[in-house]
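Survey of secondary and tertiary structure
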Amino acid sequence: MKNMKATGIVRRIDDLGRIVIPKEIRRTLRIRESDPLEIFTDREGEIILKKYSPIGEMSTFAKQYAESLAQVSGHTALITDRDQFIAVSGGYKNMMGKGLSHELEDKINNRETVMASKGERNFIAISDGNGEEYVHQAISPIICEGDVIGAVILVENDDKSKMGEVEQKLVLSAAGFLGRQMEQ
């Protein structure tokens, strides 16, 4: 398999068929307790574990939804799973595939909706990369069957286009809709 690198770590399978994924690997790959992992096998006898992203499965749909959200709102629309940006429309295309900031992870894991402008106490960086030049943000977690699976975000870099109740309702309804879609 391409891009595979040896870690030098060897683990034994226990009597229940379990194997422990080392803490360093879990930390590096941001695998948390109770995260779902997909299991693949190949002809060479390799077993590949991959983080499962239910909303990532819907990336085409999420992309179309982000495009429509950007058109309706006039702002940049972003959709994330729990680890990265899976759909971006209306600007900031460089955010696609970037990891979420720890502040954003905390907000969505705590199921918080954020409405903020730069300089306000609750304004957060949304990605772990640099180059974010927006001044307003609206963020809502996507919840599916009781689990947080991602977020819907609107950002705006025009200081005069402050976000308000309309944008808050847009991200809340978009997140609710995507969460319900995933339940089907």
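Preceding block: the structure.
Below: a short report on this structure. All values reported here derive from a predicted model rather than from experimental measurement.

The next subject is the packing of helix H2 (residues 59-73) against helix H4 (residues 165-183). For the pair H2 and H4, the least separation of the axes is 12 Å and the interaxial angle reads 160°. Comparing their axes, H4 and H2 come out roughly antiparallel. Once H2 is placed against H4, the crossing between them reads as right-handed. Taken together, the residues of H4 that come into contact with H2 (itself represented by Phe61, Tyr65, Leu69, Val72 and Ser73) are Leu170, Ser173, Ala174, Phe177, Leu178 and Gln181.

This part takes up the pairing of strand S1 (residues 37-41). Here five bridges tie S1 to strand S2 (residues 47-51), and the two strands are oriented antiparallel to one another. Paired with Phe40 across the bridge in S2 is Ile48. From the end of S1 to the start of S2, which pair antiparallel, there are five residues, and Gly45 there has a positive phi angle of about 85°.

Attention now moves to a positive patch on the surface. Together, Arg11, Lys23, Arg26 and Arg27 give the surface a local cluster of positive charge. Relative to the helices and strands, Arg11 is located in the segment before helix H1 (23-28). Its relative accessible area of 40% is what places Arg11 among the partly exposed residues.

As a further point, take the side chain of Ser73. Among the secondary structure elements, Ser73 is positioned in helix H2. Since its relative accessible area comes to 15%, Ser73 is described here as buried. Engagement of the side chain of Ser73 in a polar contact is seen with the backbone oxygen of Leu69, the distance being 2.8 Å. At 3.1 Å, the side chain of Ser73 and the backbone nitrogen of His75 are in polar contact. Filtering out sequence-adjacent residues up to four positions away, Ser73 remains in contact with Leu154 and Leu170.

Take the packing of aromatic side chains next. For the coordinates displayed, the defined rule picks out five aromatic pairs. On the basis of an interplanar angle of 40° and a centroid distance of 6.1 Å, the ring pair of Phe61 and Phe177 is categorised as tilted. Taken as a pair, Phe61 in helix H2 and Phe177 in helix H4 lie far apart in primary sequence, 116 residues in all. Overall, Phe177 belongs to the partly exposed group, its relative accessible area being 29%. Ring centres 5.6 Å apart and planes at 45° place the aromatic pair Phe123 and Tyr134 in the tilted group. Residue Phe123 is found in the loop between strand S5 (114-117) and strand S6 (136-144), and its partner Tyr134 is found in the loop between S5 and S6; the two are separated by eleven residues along the sequence. Take Phe123 and Tyr134: they sit in the same class, and that class is buried. By the ring-pair criterion, three or more aromatic residues cluster together here, those being Phe61, Tyr65 and Phe177.

A sheet is described by the order of its strands in space; here five strands give the open sequence S4-S3-S7-S6-S5, paired in antiparallel fashion. Pairing within the sheet leaves two strands with one partner each, and these edge strands are strand S4 (85-89) and S5. Across the sheet, the axes of successive neighbouring strands diverge by a mean angle of 15°, strand direction being ignored. Strand direction decides the pairing type here: strand S3 (residues 76-80) and S4, joined by four bridges, are antiparallel. When the bridges of S4 are listed, Ile79 appears paired with Ala87. Where H2 meets the sheet, its contacts fall on S3, S4 and strand S7 (147-156), and the angle it forms with S4 comes to roughly 35°. Helix-sheet contacts for helix H3 (residues 102-109) involve S4, S5, S6 and S7, and the interaxial angle to S7 is about 125°.

Cut-off values and rules
- Residues numbered from 1 in each chain as written.
- Predicted model: local features only at pLDDT ≥ 70, side-chain atom pairs only at ≥ 80, totals over all residues.
- Heavy atoms only, no water.
- Axes fitted to C-alpha atoms, helices over the stretch in contact; angles between N-to-C directions.
- Helix = DSSP H or I, 4+ residues; strand = E, 2+ residues; numbered from the N terminus.
- Parallel < 35°, antiparallel > 145°, perpendicular 65-115°, else oblique.
- Left-handed = near helix turned anticlockwise from the far one by under 90°.
- Contact = heavy atoms within 4.5 Å.
- Pairing = 2+ DSSP bridges.
- Patch = residues over 30% accessible without salt bridge, like charges linked within 9 Å, V, L, I, M, F, W, Y side chains within 5 Å.
- Areas by Shrake-Rupley, 256 points an atom, 1.4 Å probe, with all protein chains shown as cover.
- Salt bridge = Lys/Arg side-chain N within 4 Å of Asp/Glu carboxyl O.
- Lys, Arg positive; Asp, Glu negative; His and termini not counted.
- Charge placed at Lys NZ, Arg CZ, Asp CG, Glu CD.
- Buried < 20%, exposed > 50% of the residue type's maximum accessible area, 1.4 Å probe, protein only.
- Polar contact = N/O pair within 3.5 Å; in protein donor to acceptor, adjacent residues only side chain to side chain.
- Phe/Tyr/Trp six-rings, centres within 6.5 Å; stacked < 30°, edge-to-face > 60°.

Keep in mind these numbers describe shape, not what the thing actually does.
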